[in-house]
Amino acid sequence: MTLEKTSSAVCHGGTQDVYAHRSDVLGCDMNVAVFSPPQVETRPLPVLYWLSGLTCTEQNFITKAGAQRFAAELGLVIVAPDTSPRGDDVPDDAAYDLGQGAGFYVDATRAPWSRHYRMYDYVVNELPGLIEAGFAVTDARGIFGHSMGGHGALTIALKNPGRYRSVSAFAPIVGPSTVPWGEKAFAAYLGDDREAWKAYDACELVADAEERLPLLIDQGTADGFLDEQLQPHRLEAACAAAGHPLELRMQAGYDHSYYFISTFIGDHVAHHARALCG
């Protein structure tokens, strides 16, 4: 696999680039954004992976979050992939919460989705292999995300002990197997066996997690999806029962938007830098 640079801009002394590549795992062409801070010119750096939410592409995070400033100060490469496979041959749905733009970071097992919708494998294996082969980076990895991407970050970190040194999330879907967004997506991608859904549910995974990575979560109290779709209190209860470290910060008045993310992104990058850079 090769990366083809499709755009580049100088940003906070580094470069914000976007690349296209062919994904064998997803069976389609994919875009991925890579921010390289100035320190990458002198030494390999840790990598922080960002997973975006429903309807997003790699562009939302790199244009709205303002993370590049903090990554440049702390010496972190940030990689932000698209949220799903794309293309005319890739199955889709008319609704915003299923199909293209809504990969949910699972490996689909049900047709017609199973041929392309393998975002879990892509994020955990294929994408890091591509980044670590093509950039001056170390094998120190962190992962964070927003909403559907927050769900992805939490579950991927919990399911892969030793692969990530840090994890955090903004307004994550913490219990997708029991909320409308997740129930719809999981039924389509994974089938009707609800027991199988638990393999991608953070509230279920913390009980048996082999590694106790501290979880940092920010959640806005004015988030319109808070009560029906997000329900952070469920993860708080699961972590308390399992003795899993969790810092849940309920941010008064903030909603689900990138205004919320941009306000606290510096805290999250610093959280990861402490684990990744020392």
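Relevant structure appears above.
Rules behind the numbers
Residues numbered from 1 in each chain as written. Predicted model: local features only at pLDDT ≥ 70, side-chain atom pairs only at ≥ 80, totals over all residues. Heavy atoms only, no water. Helix = DSSP H or I, 4+ residues; strand = E, 2+ residues; numbered from the N terminus. Rg over C-alpha atoms; globule rule 2.2 N^0.38 Å. Buried < 20%, exposed > 50% of the residue type's maximum accessible area, 1.4 Å probe, protein only. Pairing = 2+ DSSP bridges. Polar contact = N/O pair within 3.5 Å; in protein donor to acceptor, adjacent residues only side chain to side chain.

Asker: What is the right way to look at the overall build of the chain in this model?
Answerer: Counting its regular elements, the chain contains 10 helices and nine strands. Relative to the 2.2 N^0.38 estimate, which gives 19 Å for 278 residues, the radius of gyration of the chain is 17 Å and therefore close to what a compact globule would have. Across its three principal directions, the C-alpha atoms of the chain cover 50 × 40 × 35 Å. Taken over 278 residues, the chain has a buried fraction of 58%.

Asker: What is the right way to read the pairing of strand β4 (residues 45–51) from this model?
Answerer: Taken residue by residue, a regular strand's side chains alternate between the two faces of the sheet. By the criterion of burial, β4 is predominantly enclosed, with seven of the seven residues buried. Both β4 and strand β6 (residues 137–146) contribute to a ladder of six bridges, which runs parallel. Paired with Trp-50 across the strands is Phe-144, a residue of β6. Bridge count between β4 and strand β5 (residues 77–81): three bridges; the pairing is parallel. In the sheet register, Val-47 faces β5, and the bridge partner there is Val-77.

Asker: Explanation requested: the environment of Glu-195 in the structure shown.
Answerer: Checked against the element boundaries, Glu-195 lands in helix α6 (residues 194–197). Note on Glu-195: relative accessible area 53%, which makes it exposed. Residues Glu-195 and His-272 lie 77 residues apart in sequence; the distance between their C-alpha atoms is 32 Å. Separated by 3.0 Å, the side chains of Glu-195 and Lys-198 make a polar contact.

Asker: Just to check I follow, could you spell out unusual backbone geometry for this structure?
Answerer: The general pattern is negative phi for most residues beyond glycine and trans for most peptide bonds. In this structure, Pro-112 follows Ala-111 across a cis peptide bond, with omega equal to 0°. Looking at the element boundaries, Pro-112 is found in the loop between β5 and α3 (119–134). Unlike most non-glycine residues, Thr-55 shows phi in positive territory, near 75°. Within the chain, Ser-147 stands out as a residue other than glycine whose phi angle is a positive 60°. The residue Ser-147 is located in the loop between β6 and α4 (148–159) in this model.

From the geometry alone we can't say anything about function, so treat these as descriptive.
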